Amino acid sequence: MSEKINLSNYVLSEDEEFMNANQRAYFRAKLIAWKNDILREARETLDHLAEESANHPDLADRASSETDRAIELRARDRQRKLISKIDAALQRIDDGTYGYCEETGEPIGLKRLDARPIATLSIEAQERHERREKVYRDE
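Residues numbered from 1 in each chain as written. Predicted model: local features only at pLDDT ≥ 70, side-chain atom pairs only at ≥ 80, totals over all residues. Heavy atoms only, no water.

Here we take up the side chain of Ser 122. Position of Ser 122 among the secondary structure elements: in the loop between helix 3 (110-115) and helix 4 (123-138). Classification of Ser 122 as buried rests on a relative accessible area of 5%. Separated by 3.2 Å, the side chain of Ser 122 and the backbone nitrogen of Ala 125 make a polar contact. For Ser 122, the contacting residues outside a window of four places in its chain are Cys 101, Ile 108 and Arg 112. (Helix = DSSP H or I, 4+ residues; strand = E, 2+ residues; numbered from the N terminus. Buried < 20%, exposed > 50% of the residue type's maximum accessible area, 1.4 Å probe, protein only. Polar contact = N/O pair within 3.5 Å; in protein donor to acceptor, adjacent residues only side chain to side chain. Contact = heavy atoms within 4.5 Å.)

What follows is the structure, given as structure tokens:
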């Protein structure tokens, strides 16, 4: 199969060889679509913020507008970080390490990757990481 894949037609299957060309193309298309959605939303936010930049004569309206703007900008910052994770996942597809746990080297699992395509740890490794994080946080 080519690098162009129709996300609506392809179904991931555990019966296939893990991270075969179809799966890599599927995840690449999914990641690129996700990134494009985020970038489109960011452009819409910028357009909205530009329209909203009018001064509000009422202090309450101005405060509300500034609060809304701060929330929007925080959300965009989180999405900017998400884009870098998406880019890193695309790089892992290119270098052949996508889909494998960074800690154990074992396959992450198709269901987990389908739900969270930027995942870098298997469920077991992620749980260990979260338990360690909780222990350090509780101390």
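Time to look at the packing of aromatic side chains. Each aromatic ring pair is specified by the distance between its two centres and by the angle formed by the two planes. Applying the stated criterion to the full structure yields 4 aromatic pairs. Relative to Tyr 26, the ring of Tyr 10 lies with its centre 5.5 Å away and its plane at 50°, an arrangement referred to as tilted. Pair noted here: Tyr 10 is in the segment before helix 1 (21-51) and Tyr 26 is in helix 1, with a separation of 16 residues, a long-range link. The exposure classification of Tyr 10 matches that of Tyr 26, with both residues buried. Note on Tyr 26 and Phe 27: the rings are 5.1 Å apart at their centroids and 80° apart in plane angle, and the pair reads as edge-to-face. Across the pair, Phe 27 and Tyr 26 agree in class, each one buried. (Phe/Tyr/Trp six-rings, centres within 6.5 Å; stacked < 30°, edge-to-face > 60°.)

Another point: a negative patch on the surface. On the surface, Glu 124, Glu 127, Glu 130 and Glu 133 cluster together to form a negatively charged patch. Within the secondary structure layout, Glu 127 lies in helix 4. With a relative accessible area of 40%, Glu 127 lands in the partly exposed category. (Patch = residues over 30% accessible without salt bridge, like charges linked within 9 Å, V, L, I, M, F, W, Y side chains within 5 Å. Areas by Shrake-Rupley, 256 points an atom, 1.4 Å probe, with all protein chains shown as cover. Salt bridge = Lys/Arg side-chain N within 4 Å of Asp/Glu carboxyl O. Lys, Arg positive; Asp, Glu negative; His and termini not counted. Charge placed at Lys NZ, Arg CZ, Asp CG, Glu CD.)

Attention now goes to the confidence of the model for the protein. With 86% of its residues at a pLDDT of 70 or more, the protein has an overall mean of 86. Model confidence for the protein, summarised as mean pLDDT per element, is weakest for helix 4 at 85 and strongest for helix 3 at 95. (pLDDT = per-residue confidence, 0-100.)

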